[in-house]
Structures are given as structure tokens and as C-alpha cells.
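Structural overview
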Amino acid sequence: MTGRIHSLESFGTVDGPGIRFVVFFQGCPMRCLYCHNPDSWDPKGGSEMTAEEILQQADSVREFLKNGGITATGGEPLMQLEFLTELFRRAAEEYGFHTCLDTSGVTFCEKNKKKFDELMKYTKLVMLDIKHIDPALHKKLTSQKQDNIIAFARYLSDNGIPVWIRHVLVPGITQNDEHLYKLGQFIGTLRNVKAIDVLPYHNMGKPKYEKLGIEYPLKNTRIPSEDEAVHARRVILDGMKTGL
């Protein structure tokens, strides 16, 4: 079995606990306005790799992965569910790596629940990106409905899978105290959340858009400060108290 891989990073420090070997999967159904990896959208792009080829590279830098492991990100790893499961199964059982999945959960559906159950056997942590709590604004921001994402969050909670929630703070889009509070209320209904990260929007992906000949959609959007991100996280936490 092979998967389509965008790239590999051997020293990831923001992709889960500890130092991570990061596998960027190719292909994504979402078109988030702030996406910094537009070159990962095309599911036919990237390179074909086997799980063994990936794991051998991870194993070659094992000594540097202190308190870390392997993180699958993208793109959207769940677009290649069977290959992802094979990678995580072998990473956990044969190599003893801690496995982390960074995902939006957008491809989750009840008819594939058994396949997700199988993946979760080998997944130690999920970093779940919740893009927007308002359904209409979520669709405007990502081009996709939020239903599967909300369902996936509840599925993870019901199954006790540890989760870190990630939310990108974008002025004029997600930087809204009312929406942040409602997001907190939803998170408060989940029983498995171990951390909440509010990530300030950045425009470091802009050169990729130019290279691909795609207009950058947020060219006039300012970068929020760390203080604004701290405030946003505080609002989310306040909302969580009412959702508990």
C-alpha cells in the first residue's frame, strides 16, 4: 500500500508533544482562506511512499524525537484513511512511536465509523482544527460544511480519544468574542479535551499562492498580536465554563 505524501519534516516542534517527525499528506477537500499549504490541495500531487519508507526515515532520527513521535498532518490525512491507519498501526506496533493526528475531521461520516474505530486503535492524540463555530461562516471560510467536523469531535469525545483543540484567530473572520464564546460552549460539552491552542493568523504561505498563480484571498488582513490571541483563548475558556 502506498500513500501520496506532500513532504516530510524531521524536527517538528509545534505538531504535538515533544519533537515530532511530521508527515504532510497530499490532498485536502477544504479551501480555508488562510491556508498556508495550497500546494497540498491536489490529491494527485506529491509523491507515492510506503509506510515502511516513511517509518525508516523516522527511525533514522529517533534519537532526536525526545518525548515526541510521529504526526500526520496535511493537507488532510483522513482523505487517505486506509494508508493512514496502516502507517499508524506499524508506527505504534513495530516502531513504538507515539502517534498524533492533526486533522479537521471533515471527512468523518457514520458509514465509515468502523474504519475510524480501527484508526483510533493506533492514535494516541488528535489535534482537531475547528475552523469556525458558526455554520454559515464556516462554509464561507472553508468551502465545506461543518457537520462532519462537529460529529467527529463528538465521536472522539464518546470514545475517550485525547484531543487538543486548535483554532486560528483571523481578524474580520474568527476574531469575534461572540463566536469565540460559542466555540467555548461547544468545547465544554466534550469530555476529552486536554489542551486549547489559539493560533494567530499569519501570511507566510503567500509566496506559495504567487508561485501557483492563485490570488491570495487575505492579502489585506492584518496579523493579530499575541495579546489578542491570549484574549481570544480567555473568551473560549469562559464559554467552556457554561458548556461543562
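Details of helix 5 (residues 147-158)
A rise of 1.5 Å per residue sets the reference length of helix 5, with its twelve residues, at 16 Å; its end C-alpha atoms lie 16 Å apart and thus fit the reference within 8%. For helix 5, the full list of buried residues reads Ile149, Ile150, Phe152, Ala153, Tyr155, Leu156 and Ser157. Looking at the buried residues of helix 5, the elements they touch are strand 5 (98-103), helix 3 (113-120), strand 6 (125-129), helix 4 (135-142), strand 7 (163-169) and helix 6 (177-187). Phi for glycine 160, located one or two positions after helix 5, is positive at around 65°.

With respect to the pattern of salt bridges
Within the structure shown, the criterion is met by 16 salt bridges. Two residues, glutamate 48 and arginine 4, come together in a salt bridge whose shortest N-O distance is 3.4 Å. Highlighted residues: glutamate 48 in strand 3 (residues 47-50) and arginine 4 in strand 1 (residues 2-12), separated in sequence by 44 residues. Accessibility expressed as a relative area gives 52% for glutamate 48, which makes it exposed. With a relative accessible area of 23%, arginine 4 lands in the partly exposed category. For the salt bridge of aspartate 39 with lysine 208, the shortest nitrogen-to-oxygen distance reads 3.8 Å. In this pair, aspartate 39 is assigned in the loop between strand 2 (20-25) and strand 3 and lysine 208 in helix 7 (residues 206-212), connecting sequence segments 169 residues apart.

Details of the sheet that holds strand 7
The mixed open sheet is built from eight strands, whose spatial order is 3-1-2-4-5-6-7-8. Looking at which strands have only one partner, the edges of the open sheet turn out to be strand 3 and strand 8 (193-200). Each neighbouring strand pair of the sheet contributes to a mean axis angle of 30°, computed without reference to strand direction. Bridge count for strand 7 against strand 8 is seven bridges, and the pairing is parallel. Bridging across to strand 8, leucine 169 finds its partner in proline 200. Helix-sheet contacts for helix 2 (residues 81-93) involve strand 1, strand 2, strand 3, strand 4 (69-73) and strand 5, and the interaxial angle to strand 5 is about 155°.

Basis of the calculations
Residue positions are given per chain, counted from 1 along the sequence in the order it is written. Local features in this predicted model are restricted to residues of pLDDT 70 or higher, and side-chain atom pairs are both shown and tallied only at a pLDDT of 80 or more, whereas totals for entire chains, interfaces and linings draw on every residue. In computing side-chain properties, one takes all heavy atoms of the structure into account and sets aside hydrogens as well as water. Comment: elements are numbered from the N terminus, with helices defined as DSSP H or I runs of at least four residues and strands as E runs of at least two. Expected span, for any helix, means 1.5 Å times one less than how many residues it has. Here's how the labels work: a residue is buried when its accessible area is under 20% of the maximum for its type, exposed when over 50%, partly exposed in between, all with a 1.4 Å probe on protein chains only. Contact definition: two residues touch when any of their heavy atoms are within 4.5 Å. We define a salt bridge as a contact between a side-chain nitrogen of Lys or Arg and a carboxyl oxygen of Asp or Glu at a distance within 4 Å. In this analysis, strands are considered paired if DSSP registers two or more bridges between them. Here, axes are lines fitted to C-alpha atoms. For helices the fit covers the stretch in contact, and angles between N-to-C directions go from 0 to 180 degrees.

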